[in-house]
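Understanding the architecture of this molecule
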Number of protein chains: 2
Amino acid sequence: MLETIALERLKKALCALPGVGPKTAQRMAFHLVGRDREGARALSEAITGALQSIRRCKRCNNFSETELCPVCSSPKRNAAQLCVVETQADLESIEMSKAFSGTYFVLMGHLSPLDGIGPEELGLDRLQRLLDEEDIEEVVMATNPTVEGDATADFIAQLVRQHGIRVTQLARGVPVGGELEYVDRNTLAGAFRGRKDL
Amino acid sequence: MLETIALERLKKALCALPGVGPKTAQRMAFHLVGRDREGARALSEAITGALQSIRRCKRCNNFSETELCPVCSSPKRNAAQLCVVETQADLESIEMSKAFSGTYFVLMGHLSPLDGIGPEELGLDRLQRLLDEEDIEEVVMATNPTVEGDATADFIAQLVRQHGIRVTQLARGVPVGGELEYVDRNTLAGAFRGRKDL
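The sections below set out a description of the structure shown in this document. (Residues numbered from 1 in each chain as written. Chains lettered and ligands numbered in written order. Predicted model: local features only at pLDDT ≥ 70, side-chain atom pairs only at ≥ 80, totals over all residues. Heavy atoms only, no water.)

**Side note on the overall build of chain A**
As a reminder of what qualifies: Per the convention used, a helix needs a DSSP run of H or I reaching at least four residues, while a strand needs a run of E reaching at least two, with both numbered from the N terminus. For the radius of gyration, the atom set is restricted to C-alpha positions; the globular benchmark scales as 2.2 Å times the number of residues to the power 0.38. For every residue, the accessible area (1.4 Å probe, protein chains only) is compared with the maximum for its type, and the residue is labelled buried under 20%, exposed over 50%, or partly exposed between those bounds. Under the counting rule used here, the positive set is Lys and Arg, the negative set is Asp and Glu, and His together with the chain ends is not counted. Where a charge lies is defined by one atom per residue type: Lys uses NZ, Arg uses CZ, Asp uses CG and Glu uses CD.
Helices and strands together make up the secondary structure of chain A, namely 8 helices and 6 strands. Secondary structure elements in chain A, listed N-terminal to C-terminal, are α-α-α-β-β-α-β-α-β-α-β-α-β-α. Its C-alpha radius of gyration of 21 Å places chain A more than 25% over the 16 Å reference for a compact globule of 198 residues. Burial statistics for chain A: of 198 residues in total, 44% are counted as buried. Positive and negative side-chain charges of chain A, numbering 24 and 28 respectively, have mean locations separated by a distance of 5 Å.

**Quick word on the packing of aromatic side chains**
The line we're drawing: Centres within 6.5 Å are what make two rings of Phe, Tyr or Trp a pair, Trp counting through its six-membered ring; a difference in plane orientation under 30 degrees is then read as stacked, over 60 as edge-to-face, and the rest as tilted.
Taken as a whole and assessed by the stated rule, the structure comprises 4 aromatic pairs over all chains. Taken together, a centroid distance of 5.6 Å and an interplanar angle of 55° make the contact between Phe30 of chain A and Phe63 of chain B tilted. With Phe30 of chain A in helix H2 (residues 22–35) and Phe63 of chain B in strand E2 (residues 63–64), the pair connects residues from two separate chains. Phe63 of chain B matches Phe30 of chain A in its accessibility class, with the two residues each being buried. Ring geometry for Phe100 of chain A against Tyr104 of chain A: centres 5.4 Å apart, planes inclined by 65°, an arrangement best described as edge-to-face. Here Phe100 of chain A and Tyr104 of chain A have matching classes, each one buried.

**Some thoughts on the sheet that holds strand E4 (residues 102–106) of chain A**
All names here are of chain A. Formally: A pair of strands is labelled paired if DSSP reports no fewer than 2 bridges between them. A fitted line through C-alpha atoms represents every axis, and for helices the fit uses only the stretch in contact; the resulting angles, taken between N-to-C directions, go from 0 to 180 degrees. Throughout, a residue-residue contact means that at least one pair of heavy atoms, one from each residue, lies within 4.5 Å.
Strands sit in the order E4-E3-E5-E6 across an open sheet of 4 strands; the sheet is parallel. The sheet is open, and its two edges are formed by E4 and strand E6 (166–169), each paired on a single side. Neighbour-to-neighbour, the strand axes of the sheet open up by a mean angle of 30°, direction not taken into account. Direction of pairing for strand E5 (residues 138–142) relative to E6: parallel, over a ladder of 4 bridges. Across the sheet, Met141 pairs through a bridge with Gln169, a residue of E6. Packing of helix H5 (residues 88–97) onto the sheet brings it into contact with strand E3 (78–85), E4 and E5, and relative to E4 it is tilted by some 160°. Contacting E3, E5 and E6, helix H7 (residues 147–161) runs over the sheet at an angle of about 165° to E6.

**Concerning the interface of chain A and chain B**
You'll often see interface size given as the accessible area lost when the parts meet. The condition that has to hold: A 1.4 Å probe defines the accessible area here, and the buried area is the portion of it lost by two parts on being joined, summed over both. Every case where a carboxyl oxygen of Asp or Glu lies within 4 Å of a side-chain nitrogen of Lys or Arg is listed as a salt bridge. Between N or O atoms, a polar contact is any pair within 3.5 Å; within protein, one atom must be a potential hydrogen donor and the other a potential acceptor, and residues adjacent in sequence are included only when both atoms are from side chains. Side-chain classes follow a simple rule in which Ala, Val, Leu, Ile, Met, Phe, Trp, Tyr, Cys and Pro form the nonpolar group, Asp, Glu, Lys and Arg form the charged group, and the remainder, Gly included, forms the polar group.
With 54 residues of chain A at the interface, the matching set in chain B holds 55 residues. Here chain A packs against chain B, burying approximately 4,800 Å² in sum over the two surfaces, 70% of which is carbon and sulfur. Where chain A touches chain B, the interface holds 0 salt bridges. Counting every contact that joins chain A to chain B gives 13 residue pairs in polar contact (both at pLDDT 80 or more). For the side of chain A that touches chain B, the secondary structure elements donating two or more residues are helix H1 (5–14), H2, helix H3 (37–53), strand E2 (63–64), helix H4 (70–73) and H5 of chain A. For the side of chain A that touches chain B, the class distribution of residues is 29 nonpolar, 13 polar and 12 charged.

Here it is as structure tokens:
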């Protein structure tokens with residue numbers, strides 16, 4: 001091959017990014033080296049900088065540059081409400097909706113025995129400790145509405161109830177702005193079961 | 001926002017990659033910082049390494065770690081045949097096909113007056129010099145079969161003919177393995193015009 005070693009190494013490293021295969025990695029590598037060396041330099045530095053300064057909040061697992069993340073340390077947030085999410089990305093989405101003013105607990109994914117992900121891998125021991133030590137009044141389960149997410153929610157709900165704390169779950173129904181024609185059967189069935197008086 | 005500054009910077013830097021928008025950049029950033037710190041470190045280093053060691057071949061513009069790229073410096077390649085391509089990626093594709101054993105000249109894109117890309121931006125002055133200085137017998141135009149690519153090929157063909165050198169162009173026709181049903185009209189029309197005796 002006529003490829004340079006440094007280029008091969010760059011392509012391989014780019015494949016570490018989610019959703020990037022060999023072909024995309026090649027396009028990215030060519031772009032970085034051939035057309036946007038300034039952007040490439042900035043990217044390399046941004047990665048190093050992020051690795052150095054970002055860790056996880058010791059209370060909720062959220063990304064943070066300080067020991068406690070901005071959400072956990074904010075006096076404006078209601079620490080008695082705890083929203084359990086599967087990932088950092090879910091937390092971001094909820095924050096964007098501005099629908100929740102409590103604090104979070106970020107799981108490290110969902111229960112998946114086949115992949116060797118049990119309660120410990122999710123950080124549930126830390127959630128237990130949090131429930132022990134703080135005055136939580138409500139835990140809102142915001143795991144994904146999938147089989148794995150529901151199983152995870154059920155498992156955690158049991159654990160929370162042992163502490164005598166109220167557990168709730170996000171409502172299921174037809175998505176706002178969607179067209180009924182394209183809503184799947186399970187969602188429709190759930191929306192019927194959960195129908196409300198007008 | 002509850003985002004850390006370092007994370008914001010990383011997301012922005014990732015948007016420099018082709019095909020990566022804010023949403024994908026976020027997913028990539030979370031992955032790098034949260035799940036694959038080792039891969040993130042490797043990526044940062046690979047970028048820096050590539051920037052340091054990769055430059056352009058002074059004869060053909062191909063990426064190279066040395067002054068002359070492996071193709072130009074190989075004694076096995078026929079330097080009398082010169083294949084003109086629009087980009088590095090096109091060169092790679094042709095190399096993969098193993099259909100060509102000459103050398104290349106990589107343009108910096110195609111002529112696009114609206115974007116301010118004229119003959120100079122493509123590096124045609126260097127191509128001129130190459131035609132002056134070396135004994136080239138054939139120039140194969142392998143620009144993209146698009147309006148811009150064809151315009152670029154025509155422009156360069158004139159230039160090459162002034163040197164009394166033979167100019168050829170890749171054949172146009174139905175792609176091997178494709179189904180006629182899905183071949184576009186222009187390609188079909190071109191294939192009919194270029195039909196050959198069996």
